[in-house]
Amino acid sequence: MKRIFPLLLILLPLACNKPAAEQPEPDDGLDGMDPTTYYANLFAFNNMKAYYLWADEMAAEIDTWKYGDNPVEKVKACRYNANSQVVDKWTSLMEDCSSFESSVTGNGKSFGFDFILTAAENHVYMVITYVYDSSPASMAGLKRGDVVNTFDGMELTRSNYSSVLTEKIFDHPGTLQMGMLDERTITMTAVQMYSNPVNVVRTLTVGNKKVGYLHFSNFTLDACEDLVEAFSQFKANGIDELVVDLRYNGGGFVTTATVLGSMIAPVSVVSSKAVFTKDIYNSNLTPSMEAEAKTLFADSFTLTLSSGKKTLKTLDVNPDLKRVWFLVTGQTASASEALICGLVPYMDVTLIGSNTYGKFCGGYLLKSEEFYDYLASKETKVDAVAGKKATTGWGLYVIASRYADCNGATLSMPSGIPADIEALDTPRDGIQLGDPSETMLSYALNYISGNFVSDKTTKSASWERLPFEKPGTGALLY
């Protein structure tokens, strides 16, 4: 089979040889059907049939697809469950994929802060976990530990917080007025910005050891260049240990995980171009994906970034360590988990914090415009111009593979990787990331020095944590 249409350039090297499902024969006319519904279903069906990891298991549902179905709900109906348990929580069709795309590329309209949510009775509070440099949040004086009490003059409640925050922070960010628990009022306006996920880079001295600390928030492609610079500093400083803070990192690109892994793994592993991860595809893709089914450590990477085409030499800045410490929570997902999984066979890996999110698979973000651009170049009964016009902005994030380490083990399946050392994330104490006294970092430093200190008791533990899925959380992109 031939592929339906080329994948986005940002998804990198797997675009070339993927087959696609046979295109269904559309009716000659829409027969009064809403064009958006018709063309969104055509786009979603083709790509679920071609790429979906569980296409065989869900064939009965996928093959009942009709052009008049609600396409968003039909994609949800085709997601794989096993024994009444949800397996695929991530495959989704979006009418507007801009928030998702911004979250995984780091480029978009943003206030420049991250948060968790807590509740006391029915009142929901936003606790700031970190702020990006030179962002509206930073310039407004927002910092880790600040607690938001009111949001645009209203209280957040258990019933409204998800829709309000999604709308005002991610879908349509504009100007926010936040009433703080300490009685300040902070007003800021979102701007178009790149949220650099290489957020804190420090070299700390612990006894007679130098410890590199990296807070890394998102596996964007553009982060690769900054990661290499961070490790250049670590190597120049002669670090003996490395702590990588992934506690709020919800995922991103496989390429970025491989770049980072190639600077963390022992030099001998990288030099030998050992297998970093393996990928398992559906039966439709497997025959054509043999060459791409293994991702290798590498001593250099040539990438097309927003700053242009760059060759990044990872081996030159690799500090050649034998162990690494990761700070993790339930927000540590996807590419973060794949990085951990890929390193475990080659070095001593210790996780400090709590169980990770449990995203054990990766996929493609496909855009309807690209699908119909491709069809426009082919002989088909589909009116590709009308299809593109009807579905502009639509996107499909489709799970296409399960990742595993070099031995075939997927450590994050089915429900995350357990921490080796339990520690509580305590943003409400106001201690900034990278400060040696910050709770989770202090655990790592005390273990490194041999002076372990038991968990701190803080007011953070007394508030209930609430779930909130930010756009792109759990995204692992090829």
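Everything quoted here is computed from the prediction, not taken from an experiment.

Our next topic: the environment of S268. Structurally, S268 can be placed in helix α9 (residues 267-271). Along the primary structure S268 and L315 are separated by 47 residues, whereas in three dimensions their C-alpha atoms are 9.9 Å apart.

What follows is about the packing of helix α8 (residues 254-264) against helix α10 (residues 335-343). Across the interface, α8 lies against α10 with an axial gap of 10 Å and an inter-helix angle of 35 degrees. Crossing handedness for the pair α8 and α10: right-handed. Packed against α8, whose contacting residues are A257, L260, G261 and I264, the element α10 presents A335, L339 and L343 at the interface. Looking at side-chain class alone, the contact of α8 with α10 contains six nonpolar, one polar and no charged residues.

The next subject is the packing of aromatic side chains. With the rule as written, the count across this model stands at 21 aromatic pairs. Grouping aromatic residues by their ring pairs yields a cluster made of Y38, Y39, F43, Y67, F371 and Y372. Note that K89 overlies the ring of Y357, its terminal NZ or CZ placed 5.0 Å from the centroid.

Across all of its chains, the model carries 19 salt bridges by this definition. Taking the shortest distance from any N to any O, the salt bridge between D146 and R184 comes out at 2.9 Å. With D146 in the loop between α5 (136-139) and β7 (147-151) and R184 in the loop between β9 (175-180) and β10 (185-189), the pair connects residues that are 38 residues apart, well separated along the chain. Here D182 makes a salt bridge to R184, at a shortest N to O gap of 2.9 Å.

The rules we used
Residues numbered from 1 in each chain as written. Predicted model: local features only at pLDDT ≥ 70, side-chain atom pairs only at ≥ 80, totals over all residues. Heavy atoms only, no water. Helix = DSSP H or I, 4+ residues; strand = E, 2+ residues; numbered from the N terminus. Axes fitted to C-alpha atoms, helices over the stretch in contact; angles between N-to-C directions. Left-handed = near helix turned anticlockwise from the far one by under 90°. Contact = heavy atoms within 4.5 Å. Nonpolar A, V, L, I, M, F, W, Y, C, P; charged D, E, K, R; others polar. Phe/Tyr/Trp six-rings, centres within 6.5 Å; stacked < 30°, edge-to-face > 60°. Lys NZ or Arg CZ within 6 Å of the ring centre and 35° of its normal. Salt bridge = Lys/Arg side-chain N within 4 Å of Asp/Glu carboxyl O.

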